[in-house]
Amino acid sequence: MGKGFFISKVVAVVCVVVAISAVATIIALSRYRLPDSLSPISYNVTLWPRLTPNTDGLYIFSGYSTVLFTCVKETDLILIHSNKLNFTMFDGYHAQLKAVDGASAPQLKKSWLEVPTQYLVIQLSSPLQAGSTYELFTEFVGELADDLGGFYRSEYDEDGVRKILATTQMQPTDARKAFPCFDEPAMKAVFHMTLIHPHGTVALSNSMNYGKFFSSVFDLKTEPINITTPDGLNLIQTSFGPTEIMSTYLLAFVVCDFGFIQSDLGADVLIRIWARRKAIEEGQGAYALEKTGPILSFFEKYYKIPYPLKKSDQIALPDFSAGAMENWGLITYRETALLYNPAVSSNGDKEWVATVISHELAHMWFGNLVTTKWWNDLWLNEGFATYVSYLGADYAEPDWNMSDLIVLNEIIGVMAVDALASSHPLSSKEADVMRPEDINALFDSITYSKGAAVLRMLSSFITEEVFSNGLNTYLEEFKYKNTVYQDLWKNLQTAVDNAGIQLPHSVEVIMNRWILQMGFPVVTIDTKTGKISQKHFLLNPDSVVDVPSEFNYEWFVPITWIKTGAAKDQYWLLTKEATNPDMMTGDGDWLIANIDMKGFYRVNYDSENWDRILTKLSTQHQDIPVINRAQIIDDAFNLARAKIVSTTLALSTTRFLNTELEYMPWQTATRNLDYFVLMFDRSEVYGPMQGYMNKKVTPLFKHFEELTANWTKIPEKHTDQYNQVNALSWGCSTGVDGCKELTTVWFKEWMDNPDNNKISPNLRTTVYCSAIAEGGAVEWDFAWKMYKNATIASEAEKLLYALSCTKQPWLLNRYLEYCLDPTMIRKQDATFTINYIAGNPIGQPLAWDFIRANWAHIFNDYGGGSMSFGRLINGVTKRFSSEFEYKQLLQFKEDNINQLGSAASSLEQALERTKANMDWVALNKKLVFDWFTSEISGTV
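As the structure is a prediction and not an experimental result, all values here were calculated from the model.

Parameters and conventions
- Residues numbered from 1 in each chain as written.
- Predicted model: local features only at pLDDT ≥ 70, side-chain atom pairs only at ≥ 80, totals over all residues.
- Heavy atoms only, no water.
- Helix = DSSP H or I, 4+ residues; strand = E, 2+ residues; numbered from the N terminus.
- Rg over C-alpha atoms; globule rule 2.2 N^0.38 Å.
- Buried < 20%, exposed > 50% of the residue type's maximum accessible area, 1.4 Å probe, protein only.
- Contact = heavy atoms within 4.5 Å.
- Areas by Shrake-Rupley, 256 points an atom, 1.4 Å probe, with all protein chains shown as cover.
- Lys, Arg positive; Asp, Glu negative; His and termini not counted.
- Charge placed at Lys NZ, Arg CZ, Asp CG, Glu CD.
- Phe/Tyr/Trp six-rings, centres within 6.5 Å; stacked < 30°, edge-to-face > 60°.
- Pairing = 2+ DSSP bridges.
- Axes fitted to C-alpha atoms, helices over the stretch in contact; angles between N-to-C directions.
- Parallel < 35°, antiparallel > 145°, perpendicular 65-115°, else oblique.
- Left-handed = near helix turned anticlockwise from the far one by under 90°.
- Nonpolar A, V, L, I, M, F, W, Y, C, P; charged D, E, K, R; others polar.
- Salt bridge = Lys/Arg side-chain N within 4 Å of Asp/Glu carboxyl O.
- pLDDT = per-residue confidence, 0-100.
- Core = buried A, V, L, I, M, F, W, Y, C linked by side-chain atoms within 4.5 Å.

Novice: With reference to specific residues and values, describe the overall build of the chain.
Specialist: Within the chain, the secondary structure is distributed over 29 helices and 29 strands. In terms of C-alpha radius of gyration, the chain reaches 30 Å, essentially the compact-globule figure of 30 Å for 940 residues. Across the 940 residues in the chain, those meeting the buried criterion constitute 59%. Taking the intrachain contacts of the chain between residues at least 6 apart in sequence as the baseline, contacts between residues at least 24 apart amount to 73%. Within the structure as shown, the chain displays about 36,500 Å² of accessible surface, and the carbon and sulfur contribution to it stands at 53%. If the 80 positive side-chain charges of the chain are averaged to one point and the 107 negative ones to another, these points end up 2 Å apart.

Set out below in structure tokens:
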């Protein structure tokens, strides 16, 4: 053997093991998913939020936590999530570890914070033993920031006093900002929370606090106790009962001095509505309290499972990023989503409260009791809650027809997004959703609204009763556990089989085509031959779909249809093309498919059937179901944008509107004509288009003028109240005689007597906007003052929008600057306000310049992972239709490639949409101009 360096076999083996362990550690730290070696059992967490700033001007919280966990697989590495926490060191380590039941725990070897993947890392000198249980103790300090995530602070003024409260928003990945935790949905555990807080405040969490006030109801023995800190502060310590086994993202706690109203103490479930004291005193929580009980009862019957908890707290927060959050037992809301004042709030505000409460309560079972394993199946959680929220609201308000309004509120809107080549499937692969920004990007309209649409379609073709039966067995089988979407399909299939329902394929096989590939089909029916075909519907037919689908973008389509008003048997289109002789029509017959838009697809017909439908609309439009009158308009306009039918055919579907009084067709028409406004309000097309709409809306305006005794009464029907707004809004914007004078006078009367606003709450948004548009700085400054003084969130929101209606560029620029000053406009409202301004043709270029100039500041200070960033990009760019604007978008992408966060996918959609807009304007501008001109001149 030549001269060299000799290593013994034993040493060599040790070196190899050490090397393998080091590589494994590096791999684990670079992954955003926790390894499956540890499983939490319970947490004991104590937190003390400071509601006054420290000497450095910072609001902080301190705390300590013990997590009890089991070792599932032998490991010498503890990874636990932690983000933006500063730890107390124990002998140079970030934590203390001990074994339970007298066993010995390994010594800590090294600990550090792995910032990119948000881990607290603890390396051990020897492995944890599989099957053994351990406790990890940490002590830490964090900032109680105003960033609307994790444990954060909210501020508001009451009676001239600035007040601070501490609250939470954990979903999806911010529990780790409050305390170290295994912050993944499948890492369920029991939580024992304790909050330390000042006298004069109350502490709330998911469970009931141990307090004598509720002991007769809940048999709780201990009340909050007074404590004195080492530096002499007298505080309250409130402890809470153990939670049910649940995910970290559902944890919530609040420290505030709010008031509340509650249900009867003898009720099976204690319901409390919490809000600012003045809001409670004014009765703004009464409607939520009135409807929460019935909606809970509805879901107990729907799921056939009792509500799993003993109490349901619902709290309205002045600062909150989302609409609401389904924390189990302590649901948090924006004020506009929970509070209602009949003297000031509109019927739309009331509907929003009912549907959001219903959405969150639906989660108490579907999402909380049974939770999806990972965020790639978020669509199932949110899509389901969105769908059944309309059922719950319909039960609570049976006269509103909520089960139909889902079509307008969710389905029609999301079809425009899902018709883009840059859309995404409902269900993603786990491997594609790893980073927090990937997860945040999933909180979009596809997840919520398309999820709701396809589940509504499924419920329709297996029947609502069978759907409910399948949900019951699913929830019973997996309660307190985690699932994947296939688990739901299996339970629904069993329910289908038990009911004897015949489907062409299994539930899973049918539904996979709707959730595992993006988009939806356009179904074309030729009534001359009975031929039916399907094709992936793309708003821009020239866009390239570079994402392959194992199903080749074909679907199993349930086709419901009527022939000359008579309902026919459902037909399944299972191939790209098929023939159904029953769909052939004779002279005078007309055919409409996708009844009540229960299916998630568009429908096209042969030209003769289109002509017969248009004739029917013009002569006896009531013979066509109201939802289908809306569908015909929406399908035609979108088919025209996709170059499948002519734009003139689409426009022709609006001719009958001068005889239409129902809300859904009108709302659908105005939404589609809004696109024409966006594309042409800076061109010569705008004049004749306004003239045409004036002709169509004038009869509607006169109808409501008469129905409401010259605008002095409120229509009885819920949707009539909505359509009255359409009449006034379009009447004023198109110059119907007397409309602008009406709104200007109403607004002037309010300005003359600010303490007595006589404008109907339903009409305020339209009246405010019209008057501010017609006015100048005096009107704007008055509205701004009223906004700042508003004590009711829904009223403030109306003013926030109306302030964007001014035609004065300098006022709009000043308003934009206010958006980045939290003392002027709350952070939760900033992106909405910028979008409002961008909706104004004068404000759009100003908003775009503002976004580009301030993107770094917006991204860093307003949270790059915020759900609203995608909406911001969509809102500011929706008017883009020129090569110059397209190049600006590309430049913006290049300049900010590393700080787009959850806006990245929205930017791709904006680029695709801009291209489609450019092509559409070039193709249609002259044609549209000629059509509108001929219509207002009386020729066809």
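Novice: Lay out the packing of aromatic side chains with the relevant residues and their values.
Specialist: A full pass over the atoms with the stated rule returns 64 aromatic pairs. Relative to Tyr815, the ring of Trp784 lies with its centre 6.3 Å away and its plane at 85°, an arrangement referred to as edge-to-face. With Trp784 in helix α22 (residues 777-789) and Tyr815 in helix α24 (residues 809-818), this residue pair connects regions lying 31 residues apart in the sequence. For Trp784, a relative accessible area of 11% gives the class buried. By relative accessible area, which is 0% here, Tyr815 ends up buried.

Novice: Describe the sheet that holds strand β28 (residues 591-593), listing the residues and the values that go with them.
Specialist: Overall, antiparallel pairing links the three strands, which are arranged β26-β25-β28 in an open sheet. This sheet does not close on itself; its edge strands, each paired only once, are β26 (566-573) and β28. Sheet twist, expressed as the mean angle between neighbouring strand axes with direction ignored, is 25°. As defined by bridge partners, strand β25 (residues 557-563) adjoins β28 across three bridges and the pair is classed as antiparallel. From the neighbouring strand, Trp561 faces β28, where its bridge partner is Ala593.

Novice: Go over the sheet that holds strand β17 (residues 270-275) with me, naming the residues and quoting the values.
Specialist: With mixed pairing, the five strands of this open sheet are ordered in space as β16-β17-β18-β20-β19. Unpaired on one side and paired on the other, β16 (259-262) and β19 (324-325) mark the two borders of the sheet. As paired strands, β16 and β17 are joined by four bridges and run antiparallel to one another. By the bridge assignment for β17, Gly259 is matched with Ala275. Running at roughly 150° to strand β20 (residues 330-334), helix α6 (residues 347-363) makes contact with β18 (311-317), β19 and β20 of the sheet.

Novice: Let's hear about the packing of helix α28 (residues 883-895) against helix α29 (residues 904-937): which residues, and what values?
Specialist: Where α28 contacts α29, the axes come no closer than 10 Å and their chain directions differ by 165°. By the angle between their axes, α28 is roughly antiparallel relative to α29. The hand of the α28/α29 crossing is left-handed. Contact with α28, carried on its side by Glu883, Tyr886, Leu889, Leu890, Phe892 and Lys893, involves Leu907, Glu908, Ala910, Leu911, Thr914, Lys915 and Met918 of α29 and no other residues of that element. When its residues are assigned to classes, the contact of α28 with α29 shows eight nonpolar, one polar and four charged.

Novice: Pulling in residues and values, what's your account of the pattern of salt bridges?
Specialist: Per the counting criterion, the structure on display carries 48 salt bridges. Across the pair Lys291 and Glu397 runs a salt bridge whose closest N-O atoms are separated by 3.6 Å. With a gap of 106 residues between them, Lys291 in helix α4 (residues 286-303) and Glu397 in the loop between α7 (378-396) and α8 (402-418) connect regions that are remote in the sequence. The residues Lys291 and Glu397 share a single accessibility class, namely buried. Taking the shortest distance from any N to any O, the salt bridge between Glu437 and Arg435 comes out at 3.3 Å.

Novice: Account for the confidence of the model for the chain, naming residues and giving values.
Specialist: Atomic detail in the predicted coordinates should be set aside for any region of low pLDDT. When pLDDT is averaged across the chain, the result is 93; 95% of the residues are at 70 or more. With pLDDT under 50 throughout, residues 1-7 is counted as low confidence; its partners more than four residues away or in other chains account for one contact. Note on residues 212-221: pLDDT is under 50 here. Beyond four places in sequence and across chains, it has 19 contacts.

Novice: I'd like a rundown of the nonpolar core, residues and numbers included.
Specialist: With 303 residues, the main nonpolar core has Tyr302, Tyr303, Trp489, Ile559 and Phe676 as its most contacted residues. Among residues more than four places away in sequence, those in contact with Trp489 are Trp379, Leu455, Leu458, Val507, Glu508, Met511, Asn512 and Ile515.

Novice: Hey, could you go over the side chain of Gln690 for me, with residue numbers and the actual values?
Specialist: With respect to the secondary-structure elements, Gln690 resides in helix α18 (residues 686-707). By relative accessible area, which is 11% here, Gln690 ends up buried. Those residues within four positions of Gln690 in sequence are excluded, and the remaining contacts are Ser733 and Thr734.

Novice: How would you explain the pairing of β25 if you had to name every residue and give the values?
Specialist: In terms of burial, β25 is largely enclosed, as six of its seven residues are buried. Note: β25 against β26, six bridges, orientation antiparallel. Bridge pairing links Trp561 to Lys568 in β26.

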